[in-house]
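Residue-level structural notes
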Amino acid sequence: MNYLEVNDLTVTYRTQGGPLPAVRGVDLTVEPGSKLGIAGESGCGKSTVALALLRLLPKSAVLGGRVLLDGEDVLTMKWGRLRAVRWAGASIVFQGAMHALNAVHRIGDQIAEPILLHGGVTRAEAARRAGELLEQVGLPAARAAAYPHELSGGQRQRVMIAMALACEPRLIVADEPTTALDVMIQAQILRLIDRLIGDHGISMVMISHDLSVLADTCDRLAVMYAGRVVEEGPAAEVFAAPRHPYGQALGAAFPRIGDPASRRNPRGLPGDPPDPAALPSGCSFRPRCGVAEERCAHVDPTLWPAGPGRRAACVRVLDGTVEAPAARTAPETAVEETR
Amino acid sequence: MSTTEPAATPEPRPAPRSPGPVDGPEGATASPRRLARQRRRRALARFWRDYRANRAGLFGLAGLALFVLVALAAPWLVQPADLSVTRAPGLPYQPPSLDYPLGTDNFGRSVLDLVIWGSRVSLLVGFLATLVSVTLGALIGIIAGHFGGATGTVLMRVTDWFLVLPTLVLAIALATVLSRSVFTIILAIGVTAWPTTARLVRAQTLAVEARPYIERARALGGGHLHIMMRHVLPNVMPLVLAQTTLLVASSIIMESTLAFLGLGDPTTVSWGGVLQDARNAGAVSSGVWWYLLPPGLAIALVALSFTLCGRALEGVLNPRLRDRS
């Protein structure tokens, strides 16, 4: 059974200018112990999905669909049960650890905070556990007495990871865990997350705009565009041979070291993501798509099967005209190169 | 010859000795409790060092200490019998002399004694009224800021209503309606002085609530009370503290005002009360300056001391102000 199952999740923000659909029907599944990556550019709704998983969105957001966490629907949960599930059932590693830590409390106390909130343990026991968690993420337990401003960015992110593990959740949602870190620290943190997740047998949803990071860390990959998943499949395949034009553009946006062609001719994606209040007719990616056809204005593509274990939301997938682009380097080596 | 040597006393065991400040937090033998105590001592020392850098704040603190000491020592400095109107020790309206350093009032009481005795009520009212108003203001401010929406709007409209109401008029009304005692005055001041604190705290609460760690606290299952007490309150506290010291000054002035207007308890001696007595006795027209000046100066000095302390505290607690000087 899947630990996390998201069915037709919709999130609409009520604004003064009318409803704003930020997420328009997303389906995701995470098997126990597996890692799912969600990629997409800013504003595609990936962070909104992450927050919706624990119902952390502001009051102006209207949620639809179902979010089944271990068989229980988070969206219809009672407040008390929801509070119990938060962190104990699924925890979050926030982006920007600098600000997600309260500057006036010691980090040891902040790690102990969820433990004290959830389990009926003593203060001393919680403090001991906080020390253990710090050791697990590679910080000396004595650092528990430090304040957030006394730590470096990488250390703070380690603290956030220790905090996410505090209540032994079965799912961790990592929302851009490595933004604002330099590449070396980024690699360290990713290795750390990978090791801890493996040790504890935890499932993970990792959100990032960095396709190479996700391909490196995750088992499966979902690419989001304008509030929808447009492509999903095994991470290595989606990275190496994307079927959706958007996935292809996203992959091509990364220059490859040692490849003069990509250096002289960087391929970006022209245009901006569409305004969610005024989506184009038919396929929402149509205005920026390099291979858009006349029928794309009429058909709103949903996820269609595109090979074994893969799905993509493009009409060209349906009639099989899409061919895998010239094989890119295998993701592992590509990632090593970009580091 | 070895009788004078303390050879009989055993070597002092090293175990119970404190590890000393040089060990630092990593001292292997130090217990967590001792560590915490050390850390607190060090934080206090740092705070004192920062505070000391502010000369005006030191003056304020010294003045404050002087007034508090005098108020506490008043029972030993002044014979309560000397404050009796009927059996006053001296003759009326005597100018300052060696016997009466600040002269005597219209009954022959020593004005110095009156000012010393009056400091007790003035300081008590100042502190308690501030406590009432700051607690009320912080509570309402945090609740309004945290919940927002209808709750926040209603609370803030009530605050606005109290804010536009002339404070003095409201305090006078309360003081006349309630029974005459020191606690009525405290209540009257406390209930009228909270709106500014509430507004200030609400603004700060809104700023704090927008920070990502509040979202984190919600994500890890924290309820409203948890967020307000553990995350918002400590971040709002420096502001509240600075506001407190500033409010004490205005509370003391307010108490003097009410007493001067004859709304205080007539049986207790307070600075405002002494001023009123002086006015009633015609001290202004007869040129008895030693009756009028001392209580007025005392009020001004205490208010100044508190304001100086408040400013210095604000500078220490607010890093942005600290770096500027």
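Residues numbered from 1 in each chain as written. Chains lettered and ligands numbered in written order. Predicted model: local features only at pLDDT ≥ 70, side-chain atom pairs only at ≥ 80, totals over all residues. Heavy atoms only, no water.

For chain A, the count of helices and strands is 13 helices and 12 strands. Within chain A, residue pairs in contact and separated by at least 24 positions form 65% of the contacts whose partners lie at least 6 positions apart. For chain A, the accessible area works out to roughly 14600 Å², and carbon and sulfur atoms hold 54% of it. (Helix = DSSP H or I, 4+ residues; strand = E, 2+ residues; numbered from the N terminus. Contact = heavy atoms within 4.5 Å. Areas by Shrake-Rupley, 256 points an atom, 1.4 Å probe, with all protein chains shown as cover.)

Of all 10 residues that make up helix α9 (residues 271-280) of chain B, 7 are buried, and the element is covered over most of its length. In this structure, the buried side of α9(B) is in contact with α2 (55-77), α3 (111-147), α8 (224-260) and α10 (289-317) of chain B. (Buried < 20%, exposed > 50% of the residue type's maximum accessible area, 1.4 Å probe, protein only.)

Before going further, it helps to spend a moment on the UniProt feature "transmembrane region" (unreviewed entry) in chain B. This chain's UniProt record puts "transmembrane region" (unreviewed entry) on residues 56-78, 121-142, 154-175, 181-201, 236-261 and 288-313 of chain B. The span residues 56-78 of chain B is 96% helical and 0% strand by assignment, and the distance between its end C-alpha atoms comes to 31 Å. (UniProt positions renumbered as here; feature names shortened; annotations may be inferred.)

This part covers the packing of helix α5 (residues 167-177) of chain B against α8(B). All names here are of chain B. Axis separation between α5 and α8 bottoms out at 11 Å; the angle between their running directions is 55°. Looking at the two axes, α5 sits oblique to α8. Classified by chirality, the crossing of α8 by α5 is right-handed. Contacts between α5 and α8 involve Thr167, Leu168, Ala171 and Ile172 from the first element and Met254, Thr257 and Leu258 from the second. In terms of residue class, the contact of α5 with α8 is built from 5 nonpolar, 2 polar and no charged. (Axes fitted to C-alpha atoms, helices over the stretch in contact; angles between N-to-C directions. Parallel < 35°, antiparallel > 145°, perpendicular 65-115°, else oblique. Left-handed = near helix turned anticlockwise from the far one by under 90°. Nonpolar A, V, L, I, M, F, W, Y, C, P; charged D, E, K, R; others polar.)

Right, let's get into the pattern of salt bridges. Residue and element names in this part refer to chain A. Under the counting rule described, the total for this entry stands at 21 salt bridges over all chains. When the shortest N-O distance is used, the salt bridge between Arg128 and Glu132 registers 2.4 Å. Of this pair, Arg128 and Glu132 both sit in helix α5 (residues 123-136), separated by 4 residues, roughly a single helical turn. Here the salt bridges share partners, and the residues they tie into one network are Glu125, Arg128, Arg129, Glu132 and Glu168. (Salt bridge = Lys/Arg side-chain N within 4 Å of Asp/Glu carboxyl O.)

Residues A:Leu4, A:Leu28, A:Val159, A:Ile161, A:Leu171 and A:Met206 are the most contacted members of the largest nonpolar core, which totals 101 residues. If you tally residues by element for this core, the top one is helix α6 (residues 153-165) of chain A, at 7 residues. When residues of this core are sorted by domain, at least three fall in each of domain 1 (4-209) and domain 2 (228-338) of chain A. Not counting the four nearest positions on each side in its chain, A:Met206 is found in contact with A:Leu36, A:Gly37, A:Ile38, A:Ala174, A:Pro177, A:Leu190, A:Ile193, A:Val213, A:Leu214, A:Thr217 and A:Cys218. Core analysis: the next-biggest nonpolar cluster, separate from the first, contains 33 residues, B:Phe67, B:Trp271, B:Val288 and B:Leu313 among them. (Core = buried A, V, L, I, M, F, W, Y, C linked by side-chain atoms within 4.5 Å. Domains from an automatic or database assignment.)

Right, let's talk about the packing of aromatic side chains for a bit. Inspection of the entire model under this criterion finds 10 aromatic pairs over all chains. Look at B:Phe162 and B:Trp194: their rings are 5.2 Å apart centre to centre, the planes differ by 55°, and that puts the pair in the tilted class. Placement of B:Phe162 in helix α4 (residues 149-164) and of B:Trp194 in helix α6 (residues 182-209) is noted, with a sequence separation of 32 residues between them. Here a set of aromatic residues connected by ring pairs shows up, and it is made of A:Tyr225, A:Tyr246 and A:Phe285. Between B:Arg120 and the ring centre of B:Trp117, over which it is positioned, the NZ or CZ distance is 5.1 Å. (Phe/Tyr/Trp six-rings, centres within 6.5 Å; stacked < 30°, edge-to-face > 60°. Lys NZ or Arg CZ within 6 Å of the ring centre and 35° of its normal.)

Moving on to the sheet that holds strand β5 (residues 72-73) of chain A. One key point about sheets: their strands pair by backbone hydrogen bonds, in either a parallel or an antiparallel sense. Residue and element names in this part refer to chain A. The sheet built from 4 strands is open, its strands ordered β2-β1-β4-β5 with antiparallel pairing. A single partner strand is all that each edge strand has here, and the edge strands are β2 (18-30) and β5. Pairing geometry for strand β1 (residues 4-15) and β2, over 10 bridges, is antiparallel. Across the sheet, Val6 pairs through a bridge with Leu28, a residue of β2. (Pairing = 2+ DSSP bridges.)

With that out of the way, let us pick up a nonpolar patch on the surface. On the surface, B:Trp48, B:Leu58 and B:Leu61 cluster together into a nonpolar patch covering about 230 Å² of accessible area. Mapped onto the elements of the fold, B:Trp48 is located in helix α1 (residues 32-52). (Patch = residues over 30% accessible without salt bridge, like charges linked within 9 Å, V, L, I, M, F, W, Y side chains within 5 Å.)

This part covers the sheet that holds strand β8 (residues 203-208) of chain A. Residues and elements named next belong to chain A. Taken together, 8 strands build an open sheet; the order of strands is β6-β7-β8-β3-β9-β10-β12-β11 and the sheet is mixed. Strands with a single pairing partner mark the edges of an open sheet, and in this sheet they are β6 (90-93) and β11 (304-305). With 5 bridges joining them, strand β3 (residues 35-39) and β8 adopt parallel strand pairing. Paired with Ile38 across the strands is Ile207, a residue of β8. Docked against the sheet, helix α10 (residues 245-252) engages β3, β9 (220-225) and β10 (228-234), running at close to 105° with respect to β9.

Now for the side chain of A:Gln110. Residue placement: A:Gln110 occurs in helix α4 (residues 107-118). There is a polar contact of 2.8 Å between the side chain of A:Gln110 and the side chain of B:Arg216. When sequence neighbours within four positions are dropped, the list of residues in contact with A:Gln110 reads A:Leu101, A:Asn102, A:His105, A:Pro148, A:Met163 and B:Arg216. (Polar contact = N/O pair within 3.5 Å; in protein donor to acceptor, adjacent residues only side chain to side chain.)

Residue and element names in this part refer to chain A. For β10, the buried fraction is high: 5 of the 7 residues fall into the buried class. From the end of β9 to the start of β10, which pair antiparallel, there are 2 residues, and Ala226 there has a positive phi angle of about 50°. Bridge count for β10 against strand β12 (residues 311-312) is 2 bridges, and the pairing is antiparallel. Considered in β12, the bridge of Glu231 is made with Ala312.

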